[in-house]
Amino acid sequence: MKSYYLNHLKELESESIYVIREVAAQFERPALLFSGGKDSIVVSHLARKAFFPAKIPFPLVHIDTGHNFPETMTYRDNWVKELGVQLIVGSVQESIDTGRVQEEKGYNASRNALQTVTLLDTIEKYQFDACLGGARRDEEKARAKERFFSHRDEFGQWDPKNQRPELWNLFNGKKHVGEHFRVFPISNWTEMDVWMYIKLENIPIPSLYFSHQRYVINRNGQLLADSPYLNKRPEEKPELMTVRFRTIGDMTCTGAVVSHASTIDEIISEVATARQTERGTRADDRRSETSMEDRKKQGYF
């Protein structure tokens, strides 16, 4: 790795660790939102470095849709054990069973949007006042509007027009009772930065990110993993293909890409030539032009 890029990664790391430590200093009950994807993995790795040799002083929170990839769940449990931290799981299935949310119907049904209610309920139950996440500004246009410290009102809602200035790396975490913050330590990172850092730090990642053979459904050009959770149309037939995932989420809306990248170096080369963002493979972002921003205003990640 060339020295100028190494310096770039170290500057990003330093900035992110500073933000994480600010959260620990300013808030009483912070938590780290963990999906099992590469970005939340990197944030948890940075949190470990921020407080080493002590343990991470706040829990990891996973909102489980019940439709996750098995590989993600296996990785999550192993990673939590390695970090030696508390894991709190919010269950979308429980939200459905108690009538808090209603299961979607139809061929495009997904539990992804249902996570919002489960997340807000989990935040209220445990009285979290700050939730760290792995969102980056280069992912999607709504996320490009985020600050490091993103204020949420007492209903968990986000107002993109009412964000606080962050001059000279000064972060204002003051809030009223019932409000909380979402905090994004790797806001300034790119997808390439994340992969280069994973290589530099030798961070283990889920096998889903590497090429493998899997039965998929081609739905309007999007390759969705065949699973019992996917409502298939009569004409949709599973095909065995060599694919990998650039992002990890609910199985019903997370698309794969055709790929033979089986090492970190091959993934980095692939990302360098990609012409589509990683969230371009997500069906939930295709529902409307403002789908992500609409969900974020309601309390989504």
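Provided above is the structure to which this section pertains.
This section reports on the structure supplied with the text.

Conventions used here
- Residues numbered from 1 in each chain as written.
- Predicted model: local features only at pLDDT ≥ 70, side-chain atom pairs only at ≥ 80, totals over all residues.
- Heavy atoms only, no water.
- Core = buried A, V, L, I, M, F, W, Y, C linked by side-chain atoms within 4.5 Å.
- Buried < 20%, exposed > 50% of the residue type's maximum accessible area, 1.4 Å probe, protein only.
- Contact = heavy atoms within 4.5 Å.
- 1 Å grid on protein atoms, 1.4 Å probe; cavity = no way out; pocket = protein on both sides within 12 Å on 5 of 7 lines; lining within 4 Å.
- Points joined across faces, edges and corners; volume = space filled by probe spheres on them.
- Helix = DSSP H or I, 4+ residues; strand = E, 2+ residues; numbered from the N terminus.
- Nonpolar A, V, L, I, M, F, W, Y, C, P; charged D, E, K, R; others polar.
- Pairing = 2+ DSSP bridges.
- Axes fitted to C-alpha atoms, helices over the stretch in contact; angles between N-to-C directions.
- Parallel < 35°, antiparallel > 145°, perpendicular 65-115°, else oblique.
- Left-handed = near helix turned anticlockwise from the far one by under 90°.
- Patch = residues over 30% accessible without salt bridge, like charges linked within 9 Å, V, L, I, M, F, W, Y side chains within 5 Å.
- Areas by Shrake-Rupley, 256 points an atom, 1.4 Å probe, with all protein chains shown as cover.
- Salt bridge = Lys/Arg side-chain N within 4 Å of Asp/Glu carboxyl O.

1. A few points about the nonpolar core
Buried together is how nonpolar side chains tend to be arranged in soluble globular proteins. Among the nonpolar cores identified, the biggest contains 58 residues, and Val42, Phe149 and Trp195 are the most heavily contacted of them. If we skip the residues at most four places from it in the chain, Val42 touches Ile186, Trp189, Val194, Tyr197, Ile198 and Ile203. In terms of nonpolar packing, the next biggest core, distinct from the first, is built from 13 residues, Ala31, Val61, Ile63 and Ile123 among them.

2. Remarks on the layout of surface pockets
Looking at the largest pocket, its volume works out to about 440 Å³. Taken together, 20 residues form the lining of the largest pocket, with Ile123, Glu124, Gln127, Phe128 and Gly178 sitting closest to its centre. Here the element with the most residues in the lining of the largest pocket is helix α5 (residues 115–126); it accounts for 5 residues. By residue class, the composition of the lining of the largest pocket is 6 nonpolar, 4 polar and 10 charged.

3. Looking at the sheet that holds strand β9 (residues 239–244)
Spatially, 4 strands are ordered β7-β8-β10-β9 in a closed barrel, and the strand pairing comes out antiparallel. Pairs of neighbouring strands in the sheet enclose a mean axial angle of 70°, with direction left out of account. Bridge count between strand β8 (residues 222–225) and strand β10 (residues 255–258): 2 bridges; the pairing is antiparallel. If you follow Leu223 over to β10, its bridge partner there is Ala256.

4. What to know about unusual backbone geometry
In the segment running from Phe52 into Pro53, the intervening peptide bond is cis, with an omega of 10°. Tracing the sequence through the fold places Pro53 in the loop between α2 (38–51) and β2 (60–64). One non-glycine residue, Gln127, adopts positive backbone phi at about 60°. For Gln127, the location among the structural elements is in the loop between α5 and β4 (130–132). For Gln127, a relative accessible area of 52% translates into the label exposed.

5. Describing the packing of α2 against helix α6 (residues 191–201)
Two quantities define a packed helix pair, namely the angle between the helix axes and the distance between the axes. Close contact between α2 and α6 brings their axes to 11 Å; oriented N to C, the two are set at 50°. Between α2 and α6, the angle is such that the two are oblique. Relative to α6, the crossing made by α2 is left-handed. Here α2 contributes Lys38, Asp39, Val42, His45, Leu46 and Lys49 to the contact with α6, which in turn contributes Glu191, Val194, Trp195, Tyr197, Ile198 and Glu201. The residue inventory of the contact of α2 with α6, partitioned by class, reads 6 nonpolar, 1 polar and 5 charged.

6. Thoughts on a nonpolar patch on the surface
Among the surface-exposed residues, Leu167, Trp168 and Leu170 lie close enough to one another that they form a single nonpolar patch of about 420 Å² accessible area. Looking at the secondary structure, you find Leu170 in the loop between β5 (149–152) and β6 (180–183). For Leu170, a relative accessible area of 53% gives the class exposed.

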